[in-house]
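Fold and geometry: a report
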Amino acid sequence: MVEQSPTSVIGLDDRAYASGAPTRRDDSIRTLVDFNFLSATTGEQKTVRAAHQIYEHLIGLWAPAVIEAAHDLGVFSWLANRSGTVEEMSAELETDQRATRVLLGGLLAYGVIERSEHDGEVRYSLPSEFRQALLPGGTFSLVGKMLHDRHVAWAGWRNLGDAVRHGTRDQSGNDRTNQISEANYEDLTSGINFWAPPIVDVLSAALAETGWKKDEAVSVLDVGCGTGLYSQLLLERFPAWKAEGIDAPRIIRLATAQAERLGVGSRFTGTVRDFWKDGWGETVDLILFANIFHLQTPDSVQKLMRSAADVLAPDGLICIADQIVVDEARPVTAQDRFAMLFAASMLATGGGDAYTLSAYDQWLAEAGLERVAVLEAPMHRLLLIGHAGRHPLPA
């Protein structure tokens, strides 16, 4: 059963970290400093070790620089269906041969490409599991994220100090929501589709376990739906459900096309709607807010909460999937650490925040809503919410 205590957090991360057990089962993040050679027994040795630790964080910018330069140059597209030598690649891509070898070495160090040698000939290839992520057009392509970095994030991070000094208030002194343009929003939403499957897996499992509206026809409203993948994956898992996604015109075109590709086009409706000004339609059973609130100010969050409460069925659920901080004083879980750094990225790129669980509870109460469960997912937490005093999940 899903634990229904208002203070419960469902997941293994807290227990794993508390016991000292390792939680990673892969080596996708590769350490660059071997701390086995660094003693920490004296004051000077501790200082030198600390300098190495900070340095390892500082050179974290190498990874996006190397990967995104390779994308810009067409390296991944060139390797999509073949292996090749440095000489072959540099000739076709019109790049410097020695510099190309250095770039490929960086990709190899990060585990993005593979290297093989036969009869003295060195060839490079792109592992099949990375192709969809690194090439454009796939459902889980990261190309949109790279474009967002190029157009927004790199400059934003460079000016983080100015954002901290002056904040993200408008001329009247009020907090402003993130002002990302529609074009950059399109890049970003398509570039983080890979977030959706594990989140939907967690949500689907929780709903199935509690038997919420089992075998019923459920109406889903996906607010600020982006590509619509969250609600579309739910439609795959629950054949009796229908969903409506609301967003801006160019975003809805993406969502509608993707619904057709996934085979749920007949049950997904994309609607162009300004959800700040227009009504949200008829009563709905499930409202999704996937990665919406981190772009908002506290005032705009409260407005969205009230709008959701107005159209939520008496036994309906709201699901918020976002970067939500449970313990900002002791960020021992991966979710808390990611959320706190994600808040810095929002600050750097125009506004927003990763809000605490206690803040959400206050906003919910003001809207006549209450939290009934917290679920853990990679880089996210999910809040399941119902009308205050009307527990929507079966006991």
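The following paragraphs examine the structure supplied in this document. None of the values given here were measured: they were computed from a predicted structure.

Now for the overall build of the protein chain. Tallying secondary structure elements over the protein chain gives 16 helices and nine strands in all. Here the protein chain, with 395 residues, has 45% of them falling under the buried criterion. Looking at the protein chain alone, contacts between residues at least 24 apart form 68% of all its contacts between residues at least 6 apart.

With mixed pairing, the seven strands of this open sheet are ordered in space as E5-E4-E3-E6-E7-E9-E8. Two strands in the sheet have a free side with no partner beyond their single neighbour: strand E5 (268-272) and strand E8 (369-377). Put simply, the sheet's adjacent strands are angled 20 degrees from each other on average, direction ignored. Both E8 and strand E9 (residues 380-387) contribute to a ladder of eight bridges, which runs antiparallel. Opposite Ala373, over in E9, you have Leu384 as the bridge partner. Helix H12 (residues 229-237) rests against strand E3 (219-223), strand E4 (242-247), E5 and strand E6 (284-290) of the sheet, and its axis sits at about 135 degrees to E6.

What follows deals with a nonpolar patch on the surface. A surface patch of nonpolar side chains, about 510 Å² in accessible area, is lined by Leu32, Tyr55, Leu61, Trp62 and Trp154. Within the secondary structure, Trp154 sits in helix H8 (residues 143-158).

Within the structure shown, the criterion is met by twelve aromatic pairs. Ring geometry for Phe338 and Phe342: centres 5.7 Å apart, planes at 35 degrees, overall tilted. Here Phe338 and its partner Phe342 are both found in helix H15 (residues 334-348), four residues apart, which amounts to about one turn of the helix. Through successive ring pairs, a cluster of aromatic residues spans Trp280, Phe289, Phe293, Tyr355, Tyr360 and Trp363.

The next subject is the pairing of E5. Where E4 meets E5, five bridges bridge the pair, whose relative direction is parallel. Bridge pairing in E5 places Ala243 opposite Phe268. As for the winding sense of the linkage, the β-α-β connection from E4 through helix H13 (residues 249-261) to E5 is right-handed.

About the cut-offs
Residues numbered from 1 in each chain as written. Predicted model: local features only at pLDDT ≥ 70, side-chain atom pairs only at ≥ 80, totals over all residues. Heavy atoms only, no water. Helix = DSSP H or I, 4+ residues; strand = E, 2+ residues; numbered from the N terminus. Buried < 20%, exposed > 50% of the residue type's maximum accessible area, 1.4 Å probe, protein only. Contact = heavy atoms within 4.5 Å. Pairing = 2+ DSSP bridges. Axes fitted to C-alpha atoms, helices over the stretch in contact; angles between N-to-C directions. Patch = residues over 30% accessible without salt bridge, like charges linked within 9 Å, V, L, I, M, F, W, Y side chains within 5 Å. Areas by Shrake-Rupley, 256 points an atom, 1.4 Å probe, with all protein chains shown as cover. Salt bridge = Lys/Arg side-chain N within 4 Å of Asp/Glu carboxyl O. Phe/Tyr/Trp six-rings, centres within 6.5 Å; stacked < 30°, edge-to-face > 60°. Right-handed = clockwise from strand over helix to strand, strands pointing away.

Read these as layout, nothing more, since geometry by itself doesn't imply function.
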